[in-house]
Amino acid sequence: MDYIHDTLSGLRATSPAQSEFYQAAEEVLECLRPLLQSNPRYHEHSIIERMVEPERQIMFRVCWVDDHGRVQINKGYRVQFNSALGPYKGGLRFHPSVNASIIKFLGFEQIFKNALTGLPIGGGKGGSNFDPKGKSDGEIMRFCQAFMTELYRHIGPTRDVPAGDIGVGAREIGYLYGQYKRITARYEGILTGKSLNWGGSLGRKEATGYGAVYFAQNMLAARKEDLRSKTCLVSGAGNVAIYTIEKLYQLGAKPITCSDSGGTIHDPRGINLETLKRLKEVERAPLTKYAEQHAESTYIPKGDYPDDGHAVWRVKADAAFPCATQNELTLSDAKALTHNGVYCVSEGANMPSTADAANHFIASKIAYGPGKAANAGGVATSQLEMAQNSSMEQWSLEKVDAKLQAIMANIHQSCATTAEEFNEPHNLVLGANIAGFRKVADAMIEQGVC
Ligand code: GLU
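Residues numbered from 1 in each chain as written. Predicted model: local features only at pLDDT ≥ 70, side-chain atom pairs only at ≥ 80, totals over all residues. Heavy atoms only, no water.

Engineer: Before we go on, may I ask you to explain the pattern of salt bridges in this structure?
Structural biologist: Once the charged atoms of two side chains with opposite charge are near each other, the side chains can pair. Overall, the coordinates contain 23 salt bridges when judged by the stated rule. With a closest N to O distance of 3.4 Å, E109 and K372 form a salt bridge. Placement of the pair is E109 in helix 6 (residues 100-116) and K372 in helix 15 (residues 371-374), with a sequence separation of 263 residues. Taking the shortest distance from any N to any O, the salt bridge between K280 and D260 comes out at 2.9 Å. (Salt bridge = Lys/Arg side-chain N within 4 Å of Asp/Glu carboxyl O. Helix = DSSP H or I, 4+ residues; strand = E, 2+ residues; numbered from the N terminus.)

Rendered as structure tokens:
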């Protein structure tokens, strides 16, 4: 047994049945081995044990009334994981799959992601098992109001600043913000991803997707390559996927897939962005509608691959952008991707690759950007929104985008140089985990036992 194994088995014992959280923790901790060997002070200060334990976890009941007058009950969560670098920062996810394990894995990843941005933000995450799908606008509003009626007492512009994630976009952020204002009588930057009308930042909506593409650009530039004329696979059809597709087109690439909970669209002529935006941002319709409107595309319903694989990863391409959700890309998918010629994978979602799939990419030495590095553009731009709110300014899109590009280039640089420092050049998983951890761990030591 050693320090890392002891901590992981302690975690298994004290956080049973939290498989996603355990998966995220194991990936980070296993990468830290060489750093811990050369720096015994992290062990001396019990940094690993402290880091895997959230500073605070809030779980609450959310009661709201549906359109039929019935009282509905959901679970609400906010995990304030680590504040060594700044106020807790991280999104809220509303999805039926949300549970304590999912929120803890997301919060844990957020610590290192936020550290990699180089900006003063700690890590947190929250959400609910509420399913926005099929709910009326009134139901969404009443749910958001009920959620904020508990959450408001735990957040603040220098304390904890939530944002969106799956199931939480501009509409939900608006209802949450309105309720905070009503309860506290304060107009302040307690959420990011706000509407441009009242405190939002230009470029925030696009930032996660654009950032994942900028990260791919940086990985490819290091290999004297670029995205021009590359065929790309994108999964998901939400905010991250849509703006990944948009930026890929802007850079001369051809994205040919997207997917939702029902299935995958393969459009060999390139995904029609206008249709996708209309269906998902306006009509909130399933992708079956895309196939109805584009005869040249194929719709592959979910569950077509018996080996636990996904249709979206079985198409021949050069690059892949998993932008849907955790563990959406399995080992058999990863093997299919590299077999089909994919040599660049940039993760727009959080932990979309299973541990086996990620290890396959690392062993294959392809350009592989893990989510905590590649999708950090969203939270980074959230911090730019916070900066604009606190100085009562509104920056131009050009200014925000230039900052985003510089941040993504810095993140890539810091992952790549750290990977080299530890003799694993090109292993950006190792680079991201060590670079993110080192920043947070050093801050924790400097701040004493707290
Ligand atoms: N949910 C996003 C993420 O996973 C954004 C968080 C934020 O903007 O605070 O990083």
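Once the structure has been displayed, the description carries forward.
Engineer: Would you mind going over the site of the ligand with me for this structure?
Structural biologist: In the neighbourhood of the ligand, 14 residues make up the surrounding shell, with K89, K113, G164, D165 and S382 lying closest. Here an oxygen atom of the ligand sits 3.1 Å away from a polar atom, N or O, in the side chain of Q110. Burial of the ligand by the protein amounts to 94% of the accessible area it has alone, namely 300 Å². Among the elements of the structure, strand 3 (88-94), helix 6 and helix 16 (377-391) are those that each provide at least two residues to the shell around the ligand. (Near = heavy atom within 4 Å. Polar contact = N/O pair within 3.5 Å; in protein donor to acceptor, adjacent residues only side chain to side chain. Areas by Shrake-Rupley, 256 points an atom, 1.4 Å probe, with all protein chains shown as cover.)

Engineer: Explain unusual backbone geometry here, please?
Structural biologist: When glycine is set aside, most residues are seen to have a negative phi, and most peptide bonds are trans. Phi is positive for K224, close to 55°, though the residue is something other than glycine. Along the chain, K224 falls in the loop between helix 9 (204-221) and strand 6 (231-234). For K224, a relative accessible area of 79% translates into the label exposed. Positioned with a positive phi, S229 is a non-glycine residue whose angle comes to about 65°. With respect to the secondary-structure elements, S229 resides in the loop between helix 9 and strand 6. (Buried < 20%, exposed > 50% of the residue type's maximum accessible area, 1.4 Å probe, protein only.)

Engineer: I would appreciate a short explanation of the pairing of strand 9 (residues 263-266) in the present structure.
Structural biologist: On a regular strand, one side chain projects to one face of the sheet and the next to the other, so that they alternate. The pairing of strand 8 (residues 257-259) with strand 9 spans 3 bridges and is classified as antiparallel. Within strand 9, the position partnered with S259 by the bridge is T264. Joining the antiparallel neighbours strand 8 and strand 9 is a turn of 3 residues. As paired strands, strand 9 and strand 10 (residues 298-301) are joined by 4 bridges and run antiparallel to one another. Bridge pairing in strand 10 links G263 to P301. (Pairing = 2+ DSSP bridges.)

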